[in-house]
Amino acid sequence: MKKAMLFLILMTLSVLSFSDVNTDNINVNAENRKDFPKEIKNITVVTEPTGMGEKPNAIVIEFSKPVSNSKLSKNTFNIVTSLFVKASKDSPITEKQINRTIEKIYSTDKLTKNVTSSAARNGRYIIIQLSKTDDMSKAASKNFDLSSLTASITQNSDIFFTNGKSFNSNGATLKNNLFKRLVTEDFKQLAFYDEKTGRTLKYNLYIPKNYNPNKKYPLVLFMHDAGPLSDNVQATLMQGNGATSWAAPEFQKKHESFVLAPQYSEQVVNDNHEYTPDLDATKNLLDYITSKYSINTKRLYTTGQSMGGMMSLVLNSKYPDLFAASYYVACQWEPSALAPASKNKAWITVSMGDTKAYPGMNAITKVFEENGGVVGREENWNGSSTTAEFNALVNNLIKNSPDSNVKYSAIATGTLPNLPEGNKGGEHVTTWTVAYNIDAIKHWIFQQSK
């Protein structure tokens, strides 16, 4: 039975290796190692960003000697993850324990950057890949305990080493002592003081791995919704994948670029079409980044969900020549104010069941068309489509509206995954749990230039 969604936040982890963990913002539990048998060196939880938040999707157990890969099975271990959450702001903190489903288990002799892409062969590391559709995929929180997540591992059967010897922890439950965060750990956390507005903005910045100041790079500006308003600069990275999807290795391989993700502690825009000085401070932050680094100002892109999408709309109304393209997700604004952005290139994704964003974007696209814009539109997309199915829908819309500067994809009511019980507000908040997983839209964005 589905419950109201929580957004899970996890800890800040090392970018280097499992044994070299940055402990500035987390409590790495070195005490857990005292319980390890001599054959085990480390147990690491590996998290990855998803549309539903950052998830612990793998466990790596490092042994002192090579393990025989062929003798491992899904039944070798039981895995339980636990964390402390609050269902609402005023509710008590409770511990949530989730039995995990093991999708795959194998050993390897060398870990790749993405960990689970490591080759299966005899080696010191056992990689346990966990289900991405079990109860943990539905567990999330915007009222989280930053240091609460642990993984408990119980061994059910013998592990055989390549030297012929075996190992069994004899029913002992062992807990992880290390964490590794994929993609999110690649962002730098910084702060910008804007002299023009007197505001200080915390922000996350992804710098391309092989940054060369003699080369010009595109930049994506992502702005979050009102859900993760926080003084924790990384909240926007952990709540969903609106920022991290652009920094993922597979995307960066095709589109090497900067990703800028400010963190707001207060609501910046509202449904009365008002905004705070943080909006202008965001523009000034963008100007600062483009002056500090080698950025291609003809390839600046903006995107955001709900509040962040509204901010993108306002920035385009105030600075219509700033961005090469925009991705608006589950948002709306005063339609008449958007006339200056009518001919801008943009992609819109909303749910038809979103009682604000859907009629709101319908009104905005009408203004676009009245002021020289061309809108290509398709409705009733299945929100539970696979990546391949979404990409086919995107390519079909592009093919059917070659002359449109605005592409509008509307998701059919009730088809989004992970809708909360009663669907109250769910058509809105679940839109962005899938929006940034549609690769073809992001590729279209990056094809645009001023």
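Below you will find a few notes about this structure. (Residues numbered from 1 in each chain as written. Predicted model: local features only at pLDDT ≥ 70, side-chain atom pairs only at ≥ 80, totals over all residues. Heavy atoms only, no water.)

## Examining the nonpolar core
Okay, step 1: Counting residues in hydrophobic clusters, the biggest one holds 48 residues, and the most contacted among them are Leu219, Leu260 and Met361.
Okay, step 2: The dominant element in this core, judged by the number of residues it contributes, is helix α5 (residues 307–318), at six residues.
Okay, step 3: Excluding residues within four positions of it along the chain, leucine 260 makes contact with Tyr203, Asn204, Leu205, Leu219, Val220, Leu221, Phe222, Leu285, Leu286 and Ile289.
Okay, step 4: Counting 45 residues, the second-largest nonpolar core is a separate cluster that includes Leu237, Val329, Leu416 and Trp432. (Core = buried A, V, L, I, M, F, W, Y, C linked by side-chain atoms within 4.5 Å. Buried < 20%, exposed > 50% of the residue type's maximum accessible area, 1.4 Å probe, protein only. Helix = DSSP H or I, 4+ residues; strand = E, 2+ residues; numbered from the N terminus. Contact = heavy atoms within 4.5 Å.)

## A short note on the pattern of salt bridges
Pairs can form between side chains of opposite charge once their charged atoms are near each other.
Okay, step 1: Per the counting criterion, the structure on display carries 18 salt bridges.
Okay, step 2: In this structure, aspartate 278 and arginine 199 form a salt bridge, with 2.8 Å as the shortest nitrogen-oxygen distance. Here aspartate 278, found in helix α4 (residues 277–292), pairs with arginine 199, found in strand β13 (residues 199–206); they are 79 residues apart in sequence, far enough to count as distant.
Okay, step 3: Shared partners join several salt bridges into a network, and the residues in it are Lys113, Lys180, Glu185, Asp186 and Lys209. (Salt bridge = Lys/Arg side-chain N within 4 Å of Asp/Glu carboxyl O.)

## Description of helix α7 (residues 387–400)
Okay, step 1: The terminal C-alpha atoms of α7 lie 20 Å apart, and with 14 residues this matches the ideal 20 Å at 1.5 Å per residue to within 8%.
Okay, step 2: All of the buried residues in α7 are Phe390, Asn391, Val394 and Leu397. On an axial view of α7, the arc spanned by its buried residues comes to 125°, and they lie on one face. Structural note: α7 exposes Ala388, Lys399 and Asn400 on the side pointing more than 90 degrees away from its buried face.
Okay, step 3: In the core, the buried residues of α7 are packed alongside β18 (346–351), β19 (375–381), β20 (406–411) and α10 (439–446). (Expected span 1.5 Å × (residues − 1). Arc of directions from axis to C-beta.)

## What about α4?
Okay, step 1: Spanning 16 residues, α4 covers 22 Å between terminal C-alpha atoms, matching the ideal 22 Å at 1.5 Å per step.
Okay, step 2: Listed as buried for α4 are Asp278, Leu279, Ala281, Thr282, Lys283, Asn284, Leu285, Leu286, Ile289 and Thr290.
Okay, step 3: In this structure, the buried side of α4 is in contact with β12 (187–194), β13, β14 (217–223), β15 (258–263), β16 (295–305) and α5.

## Re the side chain of threonine 302
Okay, step 1: Looking at the element boundaries, threonine 302 is found in strand β16.
Okay, step 2: A polar atom in the side chain of threonine 302 sits 2.8 Å from the side chain of serine 312.
Okay, step 3: Not counting residues up to four positions away in its chain, the partners in contact with threonine 302 are Leu221, Met223, Ser312, Asn316, Phe323, Ala325, Ser326 and Tyr327. (Polar contact = N/O pair within 3.5 Å; in protein donor to acceptor, adjacent residues only side chain to side chain.)

## What about the sheet that holds strand β1 (residues 40–50)?
Okay, step 1: One open sheet holds the five strands; their spatial order is β5-β6-β2-β1-β11, and the pairing between them is mixed. Both edges of this open sheet fall to β5 (102–108) and β11 (178–181), since each of them pairs with a single strand only. Mean inter-strand twist for the sheet, computed between neighbouring axes without regard to direction, equals 25°.
Okay, step 2: Bridge count between strand β2 (residues 53–67) and strand β6 (residues 123–130): six bridges; the pairing is antiparallel. Counted as the bridge partner of valine 60 is isoleucine 127 from β6. (Pairing = 2+ DSSP bridges. Axes fitted to C-alpha atoms, helices over the stretch in contact; angles between N-to-C directions.)

## Some details on the side chain of serine 404
Okay, step 1: As for its position among the elements, serine 404 is in the loop between α7 and β20.
Okay, step 2: Of note is the side chain of serine 404, whose polar atom sits 2.8 Å from the backbone oxygen of serine 401.
Okay, step 3: Dropping the residues within four chain positions of it, serine 404 is found in contact with Val374, Val375 and Gly376.

## Observations regarding the packing of α4 against α5
Okay, step 1: Where α4 meets α5, the closest approach of the two axes is 11 Å, and the angle between their N-to-C directions is 70°. When the interaxial angle is binned, α4 and α5 end up roughly perpendicular. Facing α4, whose interface residues are Leu279, Asp280, Thr282 and Lys283, α5 presents Met311, Val314, Leu315 and Lys318.
Okay, step 2: Here the contact of α4 with α5 is composed, by residue class, of four nonpolar, one polar and three charged. (Parallel < 35°, antiparallel > 145°, perpendicular 65-115°, else oblique. Nonpolar A, V, L, I, M, F, W, Y, C, P; charged D, E, K, R; others polar.)

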